[in-house]
Amino acid sequence: MDLQSTTPPPTTVVVGGGMSGIACALRLSECGVPVIIIEPRNRLGGRIVTVEAAGAALDLGASWIHGVDGNPLVDLARECGATLGASLGPEPTQADCAVAFDITGEPIGPALMDAIAARIDEVDPASVPAAGPDVSVADAVSRLFSPEWLDGLRRTFGETVPSVADDEFLQRVLRMRTADFESYDGQVAELLSLRHYGEFETFPGGDRLVVSGYGRIVDHLTEKLRARDNVTVLLGRAVDNITFDVATGKVVISGSTVSNASEPFREVTKLSSCPLELSRPTVPDVPRAVTGRFSIEAGAAVVTLPLGVLQAGRVSFDPPLPEDKVAAIKRMGMGVIEKVALQFSRVFWPELPEWIEYAGPCGATPIYFFQNLSIHAGAPILTAFIG
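Residues numbered from 1 in each chain as written. Predicted model: local features only at pLDDT ≥ 70, side-chain atom pairs only at ≥ 80, totals over all residues. Heavy atoms only, no water.

Trainee: Which parts of the structure should I look at to understand the sheet that holds strand 1 (residues 12-15)?
Mentor: In a beta sheet, neighbouring strands are held together by backbone hydrogen bonds and run either parallel or antiparallel to one another. Spatial ordering of the open sheet is given by 8-2-1-14, a layout of 4 strands whose pairing is parallel. Each of the sheet's edge strands pairs with one partner strand only, and the pair in question is strand 8 (231-235) and strand 14 (300-303). Geometrically, the sheet is characterised by an average inter-axis angle of 20 degrees between neighbouring strands, direction not taken into account. Pairing geometry for strand 1 and strand 14, over 4 bridges, is parallel. Residue pairing in the sheet places V13 in a bridge with A301 of strand 14. (Pairing = 2+ DSSP bridges. Helix = DSSP H or I, 4+ residues; strand = E, 2+ residues; numbered from the N terminus. Axes fitted to C-alpha atoms, helices over the stretch in contact; angles between N-to-C directions.)

Put into structure tokens, the structure is as follows:
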């Protein structure tokens, strides 16, 4: 792009209004390029959705800033007055981070959990030879928790944690620790690459929860877009075709206009056996009906759609994408993490720390991790993470 040219730059269409699309549109706009953002939902932000529950901000999607040192998201958070959770320091212990419970409801000794966590920390991507075959995270964990190491654990904690002598107890605890990787990456440990594990950790400094909700950052960026004269945002439009016209050198982006349901609803069920309120907040962003077609001609297009949309073939390209890009789209995978927020009438669990862990029964798929939101906003909410 020739920023010295006196010829007005052609309009660029950014397909997708998530964080990537917003950032791309802002950068192009700052360079003087007219931009049109096209998004099928009735809001911007993509997988960032913040709702209110019990007076607290509850993120249904992204929740943390991963790596705060030098991360531009931290600057954005400061700009819009977003509140970040406190840091646990450079080397927090297991007890600083979480309290673990057995299926009996009894807490598991923090010293035992610290010893197991320290062993887990020895999982090292650098241990995989560059020229050799890859190893799964599950295999790496299995090798670390060898019979010999477990025997040493029993000798060390046999008197203070009698249940350590029970093989099933140890298997449940070790399965819970392996689930750490799965809940973080949204994939079973058997399919997680050890060689490439942690490559996404671009910034150091630990992770910080956006206590006031990630939505505040999206709102801040949305206001920046609105303040720019050369940015147009089109919501409720689902792109299904992108065609490059060789004769004119133009890109034609077309698709369907969709209507979005916006009726508020809230379902609350109170159970007499426990102080639990099950609630479903309003998130009116699901397209309901096709109402027409649209077509836009532009000088260029930037596609920031989710991988899943591209893999499903919901958007056709003419001419087709290069074979190497198609192969990469097909080959890549995405993890899936479900979050279930449980709102109670009062806090009946330990007020500290932030995480409550549960060593569920073997042979089942229990929920291992619950985030204690009461320490951040005083709200009686536990958020279950299922990876």
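Now, onward.
Trainee: Honestly, helix 6 (residues 147-157) in this entry has me stumped. Any pointers?
Mentor: Side chains that are three or four residues apart share a direction in an α-helix, a result of its 3.6 residues per turn. When we look at burial in helix 6, the residues that qualify are L150, L153 and F157. Along helix 6, the residues classed as buried sweep out an arc of 50 degrees about the axis, all on the same side. Exposed residues pointing more than 90 degrees away from the buried face of helix 6 are listed as P147, E148 and R155. For helix 6, the elements touching its buried residues are helix 4 (110-120) and helix 7 (167-185). (Buried < 20%, exposed > 50% of the residue type's maximum accessible area, 1.4 Å probe, protein only. Arc of directions from axis to C-beta. Contact = heavy atoms within 4.5 Å.)

Trainee: Whenever I open this one, the nonpolar core confuses me. Can you help?
Mentor: A general tendency of soluble globular proteins is for nonpolar side chains to be buried together. Judged by nonpolar contacts, the single largest core of 34 residues is most densely connected at I108, L112, L153 and F181. A per-element tally of this core places helix 7 first, with 7 residues. Excluding its chain neighbours within four sequence positions, the residues that come into contact with L153 are L112, A115, I116, V164 and L170. Ranked by size, the runner-up nonpolar core spans 26 residues in total, among them I37, V68, A77 and V218. (Core = buried A, V, L, I, M, F, W, Y, C linked by side-chain atoms within 4.5 Å.)

Trainee: Help me out: how do you make sense of the environment of T178 in this one?
Mentor: Positionally, T178 belongs in helix 7. Along the backbone, T178 and S142 are 36 residues apart, and their C-alpha atoms lie at a distance of 9.3 Å. In this structure, T178 is in contact with V141 and A189, ignoring residues within four places of it in sequence.

Trainee: I tried to follow the packing of aromatic side chains on my own but got confused; where do I start?
Mentor: Describing an aromatic ring pair means giving the distance of the ring centres and the angle of the ring planes. If you walk through the whole model with that rule in mind, you get 9 aromatic pairs. Aromatic side chains F145 and W149 sit 5.2 Å apart centroid to centroid with 65 degrees between the ring planes, which places their arrangement in the edge-to-face category. On the accessibility criterion, F145 (8% relative accessible area) is buried. Residues F344 and W349 carry aromatic rings whose centres are separated by 5.4 Å and whose planes lie at 65 degrees to one another, so their mutual orientation is edge-to-face. We classify F344 as buried; its relative accessible area is 8%. Of the residues examined, W349 reaches a relative accessible area of 7% and is grouped as buried. (Phe/Tyr/Trp six-rings, centres within 6.5 Å; stacked < 30°, edge-to-face > 60°.)

Trainee: Can you help me understand helix 1 (residues 19-30) in this one?
Mentor: The end-to-end C-alpha distance of helix 1 is 17 Å, a good match for the 16 Å that 12 residues give at a rise of 1.5 Å each. Regarding helix 1, the residues found buried are G21, I22, C24, A25, L26, L28 and S29. Buried residues belonging to helix 1 abut strand 1, strand 2 (35-39), helix 8 (215-226), strand 8 and strand 14. G32 sits one or two residues past helix 1 and shows a positive phi near 90 degrees. (Expected span 1.5 Å × (residues − 1).)

Trainee: Could you clarify how one ought to interpret the side chain of R172 in this entry?
Mentor: By secondary structure assignment, the location of R172 is in helix 7. Discounting chain neighbours no more than four positions away, the residues touching R172 are D102, I103, A359, G360, P361 and C362.

Trainee: What should I look at first to understand unusual backbone geometry in this one?
Mentor: Among all residues except glycine, the phi angle is most often negative; among peptide bonds, the trans geometry is most common. Here the amide bond leading from D318 into P319 is cis, since omega sits at 0 degrees, within 30 degrees of zero. Looking at where P319 falls in the secondary structure, it is placed in the loop between strand 15 (316-318) and helix 10 (323-331). The omega angle of the peptide bond from L352 to P353 is 0 degrees, so this bond is cis rather than trans. Considering the arrangement of structural elements, one finds P353 in the loop between strand 16 (338-344) and strand 17 (355-358). Notably, A54 is not glycine yet its phi reads approximately 55 degrees, a positive angle. With respect to the secondary-structure elements, A54 resides in the loop between strand 3 (50-53) and strand 4 (56-59).

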